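Fold and geometry: a report
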Amino acid sequence: MDQTDSYPVKLYVYDLSKGMARQMSPIMLGKQLDGIWHTAIVVHGQEYFFVREGINNCTPGDTHLGRPDSILDLGTTEVSAEIFKEYLDSLAASTYGSGTYKLFEHNCNAFSNDVAQFLTGQKIPSYITDLPSEVLSTPFGQTLRPLLESMAINPGGNNITGQR
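Each chain has its residues counted from 1, following the order in which its sequence is written. Local features are withheld for residues below a pLDDT of 70 in this predicted model, meaning they are given only at 70 or higher, and side-chain atom pairs are given and counted only at 80 or more; totals for whole chains, interfaces and linings count all residues. In computing side-chain properties, one takes all heavy atoms of the structure into account and sets aside hydrogens as well as water.

Applied cut-off: UniProt positions are given in the numbering used here, feature names are shortened, and annotations may be inferred rather than shown by experiment.
As recorded by an unreviewed UniProt entry, the protein chain carries the name palmitoyl-protein hydrolase and is attributed to Larimichthys crocea. Quoted straight from UniProt, the Sequence similarities (unreviewed entry) entry for the protein chain says "Belongs to the DeSI family." Under the heading Catalytic activity (unreviewed entry), UniProt records this for the protein chain: "S-hexadecanoyl-L-cysteinyl-[protein] + H2O = L-cysteinyl-[protein] + hexadecanoate + H(+)".

1. Overview of the overall build of the protein chain
Going by this rule: Counting from the N terminus, the helices are DSSP H or I runs at least four residues long and the strands are E runs at least two residues long. The contact definition used throughout considers only heavy atoms, calling two residues in contact when any of these lie within 4.5 Å. All accessible areas in this document rest on Shrake-Rupley with a 1.4 Å probe, and a residue is counted as covered only by the protein chains that are shown.
Scanning the protein chain from terminus to terminus reveals six helices and six strands. Each helix and strand of the protein chain, placed in order from N terminus to C terminus, yields the pattern β-α-β-β-β-β-α-α-α-α-α-β. Intrachain contacts of the protein chain at a sequence separation of at least 6 include 73% that bridge at least 24 residues. Accessible surface, the protein chain: about 8600 Å² in total, of which carbon and sulfur atoms supply 52%.

2. Some remarks on the packing of aromatic side chains
Threshold: Stacked, tilted and edge-to-face are the three classes assigned to paired rings of Phe, Tyr and Trp, where Trp is represented by its six-membered ring and a pair needs centres within 6.5 Å; plane angles under 30 degrees give stacked, over 60 edge-to-face, the rest tilted. For every residue, the accessible area obtained with a 1.4 Å probe (protein chains only) is divided by the maximum for its type, and the residue is called buried under 20%, exposed over 50%, and partly exposed between those limits.
The tally for this structure, following the rule as stated, stands at eight aromatic pairs. Arranged with centres 5.9 Å apart and planes meeting at 85 degrees, the rings of Trp 37 and Tyr 127 form a pair that is edge-to-face. Placement of Trp 37 in strand β2 (residues 37-43) and of Tyr 127 in helix α4 (residues 126-129) is noted, with a sequence separation of 90 residues between them. Assessed through its relative accessible area of 14%, Trp 37 is described here as buried. A centroid spacing of 5.1 Å and a plane angle of 80 degrees characterise the contact between Tyr 48 and Phe 84, whose relative ring orientation is edge-to-face. On the criterion of sequence distance, the pair formed by Tyr 48 in strand β3 (residues 46-51) and Phe 84 in helix α2 (residues 81-93) is long-range, its members being 36 residues apart. Both residues of the pair, Tyr 48 and Phe 84, count as buried. An aromatic cluster is built from Tyr 48, Phe 84, Tyr 87 and Phe 118, whose rings are joined through pairwise contacts.

Structure (structure tokens):
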């Protein structure tokens, strides 16, 4: 009988606000936010994430953001490193190419969610994917939207398509 290899899949979760969202959101937004989340998928010994320049990767935990605030176990995958690379290349050429990043609609968390579903069939937690709509549902969030959309978030890493 053939034995299929399985590989662990992790979600690295970083709070871009470094705790400030928890303190300031009730005052600014009128609702509690526990963090401003950046996520990445860790599989096959690399951390993969999406930024304005496209899909990047690095050694797990080796971004400018420091150590993740939490690491969630998403299960395992039978997708080999070679097939995963082909999948990422196809995403980089279409859905997650350079210049397609949009802070509220098409961001690192959308990427992590799509990749998690491809690898494991599971979505990432909704408290992460629902954050943009939570912020934008407030008057202050709507006021800040243009400013926030102009901000660039780049934790570093290597662009998988060689673009910068």
